[in-house]
Structures are given as C-alpha cells and as structure tokens.
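Listed here are the chains, written in short residue letters.
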Amino acid sequence: MSKKIDFGGRFDTERKKNEIMKTFTSELCDEFYFVEQIYAENLGIQDFEKGAFRNCENLQELRLAKNHLESLTDLNLFRFRESRAKCDVTMKKSKLRILDLSGNKLSFIDPAVFEPLTSLEELNLSQNELETLPEFKSMPEMKKLLIGGNQFTDLDLPKLHEKFVDLEYLEICPNTRIENSRILQLLNYLRRPLRIDTNEKECSK
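Residues numbered from 1 in each chain as written. Predicted model: local features only at pLDDT ≥ 70, side-chain atom pairs only at ≥ 80, totals over all residues. Heavy atoms only, no water.

A.B. asks: Before we go on, may I ask you to explain the confidence of the model for the protein in this structure?
C.D. replies: When pLDDT drops low, the exact placement of atoms in the prediction is not to be read closely. On average, the protein scores 81 in pLDDT, and the residues at 70 or more come to 74%. For the protein, helix α4 (residues 200-203) is the element with the lowest average pLDDT, namely 48, and strand β9 (residues 98-100) is the one with the highest, namely 98. Confidence drops under a pLDDT of 50 for residues 82-90, and excluding neighbours within four residues, the segment shows 13 contacts in the predicted structure. Within the model, the stretch residues 201-205 combines pLDDT values under 50 with five contacts to residues more than four positions away or in other chains. (pLDDT = per-residue confidence, 0-100. Helix = DSSP H or I, 4+ residues; strand = E, 2+ residues; numbered from the N terminus. Contact = heavy atoms within 4.5 Å.)

A.B. asks: When you look at the packing of aromatic side chains in this model, what are you seeing that I'm missing?
C.D. replies: For any two aromatic rings, the description comes down to two numbers: the centre-to-centre distance and the angle of the planes. On inspection of all chains with the given rule, the structure shows nine aromatic pairs. Cluster of aromatic residues (ring-pair linked, three or more members): Phe 7, Phe 24, Phe 48, Phe 53 and Phe 78. Across the ring face of Tyr 39, the terminal group of Lys 4 is positioned such that the distance to the ring centre comes to 4.4 Å. Note that Lys 144 overlies the ring of Tyr 169, its terminal NZ or CZ placed 5.3 Å from the centroid. (Phe/Tyr/Trp six-rings, centres within 6.5 Å; stacked < 30°, edge-to-face > 60°. Lys NZ or Arg CZ within 6 Å of the ring centre and 35° of its normal.)

A.B. asks: Please explain empty space enclosed by the protein as it appears in this structure.
C.D. replies: Under the criterion given, the structure shown has one cavity of 30 Å³ or more. As a volume, the largest cavity reaches approximately 40 Å³. Every residue along the wall of the largest cavity is listed here: Phe 48, Phe 53, Leu 62, Leu 64, Leu 72, Leu 77, Phe 78, Leu 99 and Leu 101. Residue composition of the lining of the largest cavity, by class: nine nonpolar, no polar and no charged. (1 Å grid on protein atoms, 1.4 Å probe; cavity = no way out; pocket = protein on both sides within 12 Å on 5 of 7 lines; lining within 4 Å. Points joined across faces, edges and corners; volume = space filled by probe spheres on them. Nonpolar A, V, L, I, M, F, W, Y, C, P; charged D, E, K, R; others polar.)

A.B. asks: In this structure, what is going on with the state of the cysteines? I would like to understand it.
C.D. replies: Throughout this description, disulfide means a covalent bond between two cysteine sulfur atoms. Per the stated rule, a full pass over the model turns up one disulfide. The disulfide partner of Cys 29 is Cys 56, and the gap between their sulfur atoms is 1.9 Å. One quick way to see it: the torsion about the S-S bond of Cys 29 and Cys 56 is about -100 degrees, and its sign makes the bridge left-handed. Of this pair, Cys 29 sits in helix α1 (residues 27-31) while Cys 56 sits in the loop between β4 (47-48) and β5 (61-63); the two residues are 27 residues apart in sequence, bridging distant segments of the chain. For the pair Cys 29 and Cys 56, a shared accessibility class is recorded, and that class is buried. (Disulfide = S-S within 2.5 Å. Buried < 20%, exposed > 50% of the residue type's maximum accessible area, 1.4 Å probe, protein only.)

A.B. asks: Sorry if this is basic, but what is going on with the environment of Ala 112 here?
C.D. replies: For Ala 112, the location among the structural elements is in the loop between β10 (108-109) and β11 (122-124). Each C-alpha atom of the pair Ala 112 and Glu 135 lies 8.9 Å from the other, and the pair is 23 residues apart in sequence. Leaving out residues up to four positions away in the same chain, Ala 112 has contacts with Asp 74 and Arg 79.

A.B. asks: Sorry if this is basic, but what is going on with the environment of Ser 107 here?
C.D. replies: Secondary-structure assignment places Ser 107 in the loop between β9 and β10. Considered as a pair, Ser 107 and Asn 150 are 43 residues apart in the sequence and their alpha carbons are 8.9 Å apart. Among residues more than four places away in sequence, those in contact with Ser 107 are Glu 70, Glu 129 and Leu 130.

A.B. asks: Teacher, can you tell me more about the nonpolar core here?
C.D. replies: For soluble globular proteins, nonpolar side chains are generally found buried alongside one another. Membership of the largest hydrophobic core comes to 47 residues, with the highest contact counts inside it found for Ile 38, Phe 48 and Phe 53. Breaking this core down by element, the ones donating at least two residues are α1 and α2 (157-163). (Core = buried A, V, L, I, M, F, W, Y, C linked by side-chain atoms within 4.5 Å.)

A.B. asks: Looking at this model, I keep getting lost on the pattern of salt bridges. Mind explaining?
C.D. replies: Any two side chains of opposite charge can pair, on the condition that their charged atoms come close. Evaluation of the coordinates by the stated rule reveals six salt bridges. For Lys 137, the salt bridge goes to Glu 115, with nearest N and O atoms at 3.7 Å. Here the residue Lys 137 occupies a position in the loop between β11 and β12 (144-146), and Glu 115 occupies one in the loop between β10 and β11, the gap between them amounting to 22 residues. If you follow the salt bridges from partner to partner, you end up with Glu 61, Arg 63 and Asp 100 in one network. (Salt bridge = Lys/Arg side-chain N within 4 Å of Asp/Glu carboxyl O.)

In structure tokens:
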C-alpha cells in the first residue's frame, strides 16, 4: 500500500475546466487516511474545502507549489481529532514536517493555519506576493525557511529567530524589496549563527 500520492500536475490553461482541480476537497484524505506524502503541484488549485487534510493523520510532507492560491485562511486544514467520534473535540498534534506553498500568488496567510503544525521542519513560501510574514507562533522543530521572491520591505529577523529556536537555514533572495545591507545589519542582532542564502540565480528559477 503506497503512502505517497503524486498527482503529477501539469496545469495547462487550455485544459477544459473539469480537468483542473480548482478546490482541494477532503475526499482524498477520507479515502487515503494513511498517506504520508501528497504531491499536488501545478494543478490550478485555488482554494481548499474545510478540513481538507483533517483525516490525513499521518501526513508528513505536503507539496502544493505552483498552484493558484491567493490567500490561505484557517479552515481547520490540519486540525486532527484524537478520536473519530463526533463528540470528541480534543485535537491531536500534526505530524507534518514539510510544507511547500511556493510559486503561488499568496498575499495573505492566516497565522492560525500554522498553529497545529508544531512538528514542521521546513516551510517554503518563496515566489509568492507576501508583503509581510504571518505572525508565527513558536515552532520549535523548524530548521529551514524559504521566503525569497516575495514583496517584503523589511524583516524582523531577531523575532523570527526567537520563534524558530532551531532555525538553521533562511533563503531570501535579492529580488525581494529588502536591501542586502539591511539583511547584514539584522544579522548582527541574532544570538547565534544562521545561514542566509541570497543567491539570486537559485531564487529566480
């Protein structure tokens, strides 16, 4: 039984409308609740049904790159019940370690989306249209954060590092609106070393 689902998305604007997954529904996780990896890239996804991933209790990797997402609101996407009994409202921690939302059109992300994701180690928000980062709560397991290619004018790196106490890698490209000199200035405030990637070639892919 495969624990990985790869849609092999190849979004084409000439496709018929019924061939595009505009809304990601909960049907996948209702049927394949055991899945650990979902690759749903380049499918033209615009939004999610409430609780879309709620039954994927073992989900560890979710790739949603190159879709048409413009905003991400808290639809209880990753809130898992301890029991499937309707009366049980106790929530279970998510096992999600990797979340890739790169290459969309995101200009807003509700911070509540990330609240259950306490095991997240890698978050990719690069190549979107974000002007500010979401107000993250503490994510103690976060190691890698990719945010290049957005519309940031500044970043509070000390605060970011405080939220992600074990953060090791931050990718931020020159094609954002932040001066490289400002990034170097911010680094002086960090309590410990952090690898910063400003490779324009890598970020413009």
